[in-house]
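Here is how the chains run, residue by residue.
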Amino acid sequence: MIEKHPLSDQFIINSLNADYGIKVAVLTFLPLGADMNASVYKAQTYDQTCYFVKLKRGHRYDVSIAILTLLQASGIQQIIPPVKTINGELTQYINDFTLTVYPFVDGKNGFCFDLTDDQWITLGKVMRQVHEFDVPPSIKDLIRKESYSDKWRKAVRSLYAHVDGNLNGDETALKLQLFMREHRAVIHHLVHRAEALSQKIQEQLPEFVLCHSDIHGGNVLIDESGSIFIVDWDDPIMAPKERDLMFIGGGVANVWNNPREEEFFYKGYGETEINRAILAYYRHERIVEDIAEYGHALLLTPDGGEDRLEMFEQFKGMFEANGVVDIAFKTDSDNRAMGKYL
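Within strand S2 (residues 38-45), six of the eight residues are buried, which leaves the element mostly enclosed by the surrounding structure. With six bridges joining them, strand S1 (residues 24-30) and S2 adopt antiparallel strand pairing. The residue bridging Phe-29 from the neighbouring strand is Tyr-41, located in S2. Of the pairings in the sheet, the one linking S2 to strand S3 (residues 50-57) comprises seven bridges and is antiparallel in character. By the bridge assignment for S3, Ala-43 is matched with Tyr-51. Counting the residues in the hairpin turn of S2 and S3 gives four residues, including Gln-48, whose phi is positive at 75 degrees.

As structure tokens, this is what we get:
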């Protein structure tokens, strides 16, 4: 988020001191990420030690942090483990928010840094390890399972009347309304194909594995030494492996859309059969989800402040040449040309 949550800096500093024993000299808000429910900070202590502090609305992230810790303990070094509280907890509740603290890794993410061939190979190896990780039954029962819900498709359909009708909103809302009108046919097609693909692939009963669920360039961090780290494990899911693999070559934020990158990723990941119908489904469904979230935020509420214009620009970016929409349609076209699944 560009704008931070309403909790005061001093309130967060007091919690870091009381709950973690971290004496903060400077707390700096970091305008990072597209998650409207999260704010992140850099906390620097008096001895110059730095921490990455994440504040997220809600109290449902303990399982995801437990998964992260298990993966790190299994030998996956490309994961940053959370700092425990004084009482040994992995998270701390503050009012309606969950606070999580990590060692601060100074680096750039995959949105603004091109991974080298070796880094792509490493990322592939790590994702294979994640997908082959044997999740303990006690944890697996608590992780959400892929249900191919039509939640986001319904949400986009509910926006149609607002797009085509009269809208009383700010300048950003009116810009989005006009843009969605101009791309009405494309949006309808995305929803329709996501629906059709979801119905078809459920008949196939694909194997479910542990997935990160949001492994785009913004969640891969590269430090100054060239080491990579996978971050933001807030929403893991048991799903077909294509749930993660759809991001490789998927073009989110108009990066990771180069065939050479896919080639080196799969050198690391190893031989595997990709279900093109499932890949096409996830690429369509991800766009539908973003249309729903951005559309509801910008058309139906005045919330967001300075974030609103940035959200509109991100929305438009999905429709740019060789962006996520083009890539989703091509994936679907290739899938149908094969005639294997749909």
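Before going further, it helps to examine the sheet that holds strand S6 (residues 107-109). The three strands lie next to each other as S6-S8-S9, forming an open sheet whose pairing is antiparallel. Looking at strand neighbours, the two that pair on one side only are S6 and strand S9 (228-230), the edges of this open sheet. Within the sheet, the average angular offset between the axes of one strand and its neighbour, ignoring direction, is 30 degrees. Where strand S8 (residues 220-223) lies against S9, three bridges are found, and the strand directions are antiparallel. Along S9, the bridge assignment pairs Leu-221 with Phe-229. Its contacts with the sheet put helix H3 (residues 117-132) on S8 and S9, and the angle it makes with S9 is roughly 35 degrees.

Next up on the list: helix H10 (residues 276-299). Each α-helix winds once per 3.6 residues, and so residues spaced three or four apart point in a common direction. A rise of 1.5 Å per residue sets the reference length of H10, with its 24 residues, at 34 Å; its end C-alpha atoms lie 34 Å apart and thus fit the reference within 8%. Taken across its 24 residues, H10 has 20 buried, putting it largely inside the fold. N-capping of H10 is provided by Asn-275, with a side-chain oxygen placed 3.1 Å from the backbone N of Ala-277.

Thresholds, definitions, all that
- Note that residues are indexed from 1 along each chain, following the sequence as it is written.
- Totals for whole chains, interfaces and linings use all residues, but because this is a predicted model, local features are given only for residues with pLDDT of at least 70 and pairs of side-chain atoms are given and counted only at 80 or more.
- By convention in this description, side-chain values take in all heavy atoms of the structure and omit both hydrogens and water.
- Here's how the labels work: a residue is buried when its accessible area is under 20% of the maximum for its type, exposed when over 50%, partly exposed in between, all with a 1.4 Å probe on protein chains only.
- Numbering of helices and strands runs from the N terminus, with a helix taken as a DSSP run of H or I at least four residues long and a strand as a DSSP run of E at least two residues long.
- Only strands that DSSP links by at least two bridges are regarded as paired with each other.
- Convention adopted: a line fitted to C-alpha atoms gives each axis, helices being fitted over their contacting stretch, and angles between N-to-C directions are expressed from 0 to 180 degrees.
- Contacts are residue-level and defined by heavy atoms, with any inter-residue pair within 4.5 Å sufficient.
- Between the first and last residue of a helix there are one fewer steps than residues, each counted as 1.5 Å, and that sum is the expected span.
- In protein, a polar contact requires one atom able to donate a hydrogen and another able to accept it; more generally it is a pair of N or O atoms within 3.5 Å, and residues adjacent in sequence count only if both atoms are side-chain atoms.

By themselves, these figures tell us nothing about what the structure is for.
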